[in-house]
Amino acid sequence: MESSQAQQQQPAAAKPKAAPKKAEKKAPAEKKPAAEKKPAADKKPAAEKKPQPKKDSPDFPIPSFIQERANLYEELKKNAKPIEEKPIKVILKDGKVVEAIAGKTTPFDIAKSLSSTLANNAVVAKVDDKLFDLFRPLEQDGLLEILDFNTPEGKHTFWHSSAHLLGQALERRYEANLCIGPALNEGFYYDAATNDLVSDAHYQDIEKLVEDIVKQKQPFERLVVSKADALNLFKFNKYKIEIIGKIPDEDTVTLYRCGTFIDLCRGPHLPNTNRIKAFKVTKNSSAYWLGKAENDSLQRVYGISFPDGKLLKEWEEFQAEAARRDHRLIGKHQELFFFHPMSPGSCFFLPHGARIYNKLMELIRNEYRDRGFTEVITPNMFDVELWTTSGHWQNYQKNMFSFDVEGSKFALKPMNCPGHCLMFGHRPRSYRELPVRYADFGVLHRNEFSGALTGLTRVRRFQQDDAHIFCTSDTVTTFLLSSSLFLTSSNQLFSKSTPFAQTFSQPNFADRR
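It should be emphasised that the depicted structure is a prediction, and the values quoted were computed from it without experimental measurement.

A. Main features of the overall build of the chain. Along the chain, the regular secondary structure elements total 18 helices and 22 strands. Taken over 513 residues, the chain has a buried fraction of 38%. Taking the contacts inside the chain whose residues are at least 6 apart along the sequence as the reference set, 64% of them involve residues at least 24 apart. With an accessible surface of roughly 30,700 Å², the chain has 53% of that area assigned to carbon and sulfur atoms.

What follows is the structure, given as structure tokens:
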């Protein structure tokens, strides 16, 4: 806050610079009268009209609820009980034993004592196989491992921390009530309830806010509080209240803070925000609170981040190449298939696409035949009684298309398993008939949410090479292994080195007659 005042006062102090022309030969002498004049008394009121946090992003001041939350956090922090200091022994991955002090020594301290490079590249620690903050004091004897960004745990921690930066920016940009913000296999997202819809026109604002947060080198702080204190801290946010409400009363709640941002979180996190050297908002979409359509509609913002700008550039190049190879674009350009709003999520295969489709069907049909499978055809719809028996109705009813038929409830099949069981059980069987191997190319329907529909990878109507093996219990292992080999050999057919894959990968394949 003091630095903000200094920045605002600098232009006022520099104003008299043009007035004294006597000292043109000695530039340093000119600054003295300006400094002595110091019209701070006249300028202070004007500076105070603008809240200090506006220094970094003048268009997006910190909402009032954030300051109230920060004040409550500081009070809770005063009551935190320190860990009792005592000598402990830490065993490193190579077996080396390091003397440390519980409540004082951190994994970062140990990493730094071993190598400055190790400490600088470290993202998170693992203590007794549990992830642990680098700057969190150790509590007892244990095994210690230091992990960098190149490990799965390191990436997860890095992207989880980045989600907190995104959350802080969304609070500032939209005065949002935040919901959840997890790390993904690649990147992260944050769900937020906002009055304004997020659009790609806002990405630059969000990234600028994050850039400022990174420059501030905000440390990640961990604090454990009671459930009652957590409820009071997040009383302004009904989504956080709902999450906290599911925690048993006797349990504690872990919080993490960086800058003005405080969130419910198990952690662990990076030492500070400055570790995130490259950050990019990648896309946004709508989402439902807890994934249920009957709940509030939210704004979901996705991002990616790296500890090095070069890694972000490589990622962007990879994404550009992936976009160029996107099957949806290829399908459109080569007139293979298309989708239509009159039947969402159901593909229309054009003549060229139908030829490829039938070629693939012929391939897998021959593979099934060579392995002793017989092809069958089963109905598309069944009485809900069957789906209740199989358990699908109880667990996946919302993702099934159902309708009434003469007073009975029916549903389109989302999979072939129950139908094959009816087929196998329609008459008495002898063990001498086993194994029975059914292959089915029947049409399946699944009522996927419209927002989840993605090209040919997430649809509502599709066909799959579905098969089931009915066998004796003593041959289960044999058939599991043979099925795995079947899967492996089928995938190998599409390796770039095979003639079959080379044929399909040719750009003009669709034009071949």
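B. Quick look at the sheet that holds strand S9 (residues 252-258). The strand order across the open sheet built from three strands is S8-S9-S10, with neighbouring strands paired in antiparallel fashion. Each having just a single partner strand, strand S8 (221-226) and strand S10 (261-264) make up the two edges of the open sheet. Geometrically, the sheet is characterised by an average inter-axis angle of 30° between neighbouring strands, direction not taken into account. Pairing between S8 and S9: six bridges, direction antiparallel. Residue Arg222 lies in a different strand from S9, and its bridge partner there is Tyr256. Packed on one face of the sheet, helix H4 (residues 64-78) meets S8, S9 and S10 and runs near 80° to S8.

C. Up close: the sheet that holds strand S19 (residues 436-440). Taken together, three strands build an open sheet; the order of strands is S15-S19-S22 and the sheet is mixed. Two strands in the sheet have a free side with no partner beyond their single neighbour: strand S15 (374-376) and strand S22 (466-470). Here the strands of the sheet are splayed against their neighbours by 30° on average, with no regard to which way each runs. Relative to S22, S19 runs antiparallel, the two sharing five bridges. When the bridges of S22 are listed, Ala439 appears paired with Ala467. The sheet contacts of helix H16 (residues 417-424) involve S15, S19 and S22, and relative to S22 the element is tilted by about 40°.

D. Representation of the pairing of strand S7 (residues 188-193). Most of S7 is tucked away, with six of its six residues classed as buried. On S7, burial covers both faces: Phe188, Tyr190 and Ala192 on one face and Tyr189, Asp191 and Ala193 on the other are all buried. Across two bridges, the pairing between strand S6 (residues 177-178) and S7 is antiparallel. In the strand pairing of S7, Asn177 is matched with Ala193. Two strands pair when backbone bridges link them, and S7 and strand S12 (residues 297-306) are joined in this way by five bridges, in the antiparallel orientation. In the strand pairing of S12, Ala192 is matched with Gln299.

E. Local environment of the packing of helix H7 (residues 152-174) against helix H8 (residues 203-215). Where H7 contacts H8, the axes come no closer than 9 Å and their chain directions differ by 120°. Here H7 is positioned oblique relative to H8, judged by the angle of their axes. Once H7 is placed against H8, the crossing between them reads as right-handed. When H7 is examined against H8, the residues Leu165, Leu166, Gln168, Ala169, Leu170, Arg172, Arg173 and Tyr174 are found in contact with a partner set consisting of Asp205, Ile206, Leu209, Val210, Ile213 and Val214. Tallied by class, residues from the contact of H7 with H8 come to ten nonpolar, one polar and three charged.

F. Spatial organisation of the nonpolar core. Trp159, Leu166, Leu170 and Phe306 are the most contacted members of the largest nonpolar core, which totals 39 residues. Every element with two or more residues in this core is listed here: strand S3 (122-127), H7, S7, H8, strand S11 (278-288), S12 and helix H11 (309-324). No other element matches H7, which puts eight residues into this core. Contact partners of Trp159, with chain neighbours within four places excluded, come to Phe149, Ala183, Leu184, Asn185, Glu186, Gly187, Phe188, Ile304, Ser305 and Phe306. In this structure, Leu92, Val98, Ile110 and Ala119 belong to the second largest nonpolar core, which totals 18 residues.

G. Geometry of the packing of aromatic side chains. This structure, assessed with the given rule, holds 22 aromatic pairs. Taken together, a centroid distance of 5.6 Å and an interplanar angle of 40° make the contact between Phe188 and Phe279 tilted. Separated by 91 residues along the polypeptide, Phe188 in strand S7 and Phe279 in strand S11 bring together distant segments of the chain. The burial state of Phe188 is the same as that of Phe279; both residues are buried.

H. View of the environment of His352. With respect to the secondary-structure elements, His352 resides in helix H13 (residues 351-370). In this structure His352 comes out as buried when scored by relative accessible area, which is 15%. Through-space distance from the C-alpha of His352 to that of Phe337 is 8.2 Å; in sequence the pair is 15 residues apart. At 2.5 Å, the side chain of His352 forms a polar contact with the side chain of Arg355.

I. Expanded view of a nonpolar patch on the surface. A contiguous nonpolar surface patch, about 240 Å² in accessible area, is contributed by Ile91, Val97 and Leu143. Within the element layout of this structure, Val97 appears in strand S2 (residues 97-102).

J. How the structure looks around the pattern of salt bridges. Tallied over the full model, the rule gives 26 salt bridges. Here Lys77 ties to Glu221 by a salt bridge, and the two come within 3.3 Å at their closest N and O atoms. With Lys77 in helix H4 and Glu221 in strand S8, this pair connects stretches of sequence that are 144 residues apart. With a relative accessible area of 36%, Lys77 lands in the partly exposed category. What makes Glu221 partly exposed here is its relative accessible area of 24%. For the salt bridge of Arg173 with Asp205, the shortest nitrogen-to-oxygen distance reads 3.1 Å. Note that Arg173 is positioned in helix H7 and Asp205 in helix H8, a separation of 32 residues in sequence. Members of the salt-bridge network, linked through shared partners, are Glu321, Arg324 and Arg325.

Quick notes on the rules
Residues numbered from 1 in each chain as written. Predicted model: local features only at pLDDT ≥ 70, side-chain atom pairs only at ≥ 80, totals over all residues. Heavy atoms only, no water. Helix = DSSP H or I, 4+ residues; strand = E, 2+ residues; numbered from the N terminus. Buried < 20%, exposed > 50% of the residue type's maximum accessible area, 1.4 Å probe, protein only. Contact = heavy atoms within 4.5 Å. Areas by Shrake-Rupley, 256 points an atom, 1.4 Å probe, with all protein chains shown as cover. Pairing = 2+ DSSP bridges. Axes fitted to C-alpha atoms, helices over the stretch in contact; angles between N-to-C directions. Parallel < 35°, antiparallel > 145°, perpendicular 65-115°, else oblique. Left-handed = near helix turned anticlockwise from the far one by under 90°. Nonpolar A, V, L, I, M, F, W, Y, C, P; charged D, E, K, R; others polar. Core = buried A, V, L, I, M, F, W, Y, C linked by side-chain atoms within 4.5 Å. Phe/Tyr/Trp six-rings, centres within 6.5 Å; stacked < 30°, edge-to-face > 60°. Polar contact = N/O pair within 3.5 Å; in protein donor to acceptor, adjacent residues only side chain to side chain. Patch = residues over 30% accessible without salt bridge, like charges linked within 9 Å, V, L, I, M, F, W, Y side chains within 5 Å. Salt bridge = Lys/Arg side-chain N within 4 Å of Asp/Glu carboxyl O.

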